[in-house]
Amino acid sequence: METKTIKQVVSFNAAPAEVYELIMDAKKHAAFAGGKVTMSRKPEGKFVVFDGYCHGYNIELTEGKKIVQAWHFVEDGWPDDHYSTCTFLFEPKEGGTKLTFTQTGVPAHKVESLKGGWKEYYWEPMKEYLKEQAK
């Protein structure tokens, strides 16, 4: 199976630790993403997001700085035993956080839909959630 890499850079008006918590805290994650979320905060711990549409496990966690996770998507043409690797790097920048996101091992025919999916279901709702919390 041919795989490709997705790389996206997103800015948030919040501290790196806050943005990190949006992904790692199950309640906050569910608040912006919708659906049921379970999220282990330990390496090799498991997670489930979007009511089971995505699941996986933690590979590396550096609080407020880095998350590396293996993600499996319930998608047409996504092999049952295949995981992609998602790396979230959180860097402080003036006025907030620069998030550099890299997803490797994406089945080639899923790259375009996932690129849009990260923006629509993660980055935009995360920004909206942070805006609401700042009020």
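### Digging into helix H3 (residues 111-134)
An ideal rise of 1.5 Å per residue puts 34 Å on 24 residues; H3 measures up with 33 Å between its terminal C-alpha atoms. At Lys119, H3 shows its strongest bend, of approximately 30°. By the burial criterion, the buried members of H3 are Val111, Leu114, Gly117, Trp118, Tyr122, Trp123, Pro125, Met126, Tyr129 and Leu130.

### Here's the deal with unusual backbone geometry
Not every positive phi belongs to a glycine, and Glu44 is a case in point at roughly 70°. Among the secondary structure elements, Glu44 is positioned in the loop between strand S2 (38-39) and strand S3 (46-49). Taking the relative accessible area as the measure of exposure, Glu44 reaches 68% and is therefore exposed. A positive phi angle, near 50°, is found at Phe50, a position not held by glycine. Relative to the helices and strands, Phe50 resides in the loop between S3 and strand S4 (54-62).

How each quantity is defined
- Residues numbered from 1 in each chain as written.
- Predicted model: local features only at pLDDT ≥ 70, side-chain atom pairs only at ≥ 80, totals over all residues.
- Heavy atoms only, no water.
- Helix = DSSP H or I, 4+ residues; strand = E, 2+ residues; numbered from the N terminus.
- Expected span 1.5 Å × (residues − 1).
- Bend = angle between axes of the 7 residues up to and from the residue.
- Buried < 20%, exposed > 50% of the residue type's maximum accessible area, 1.4 Å probe, protein only.

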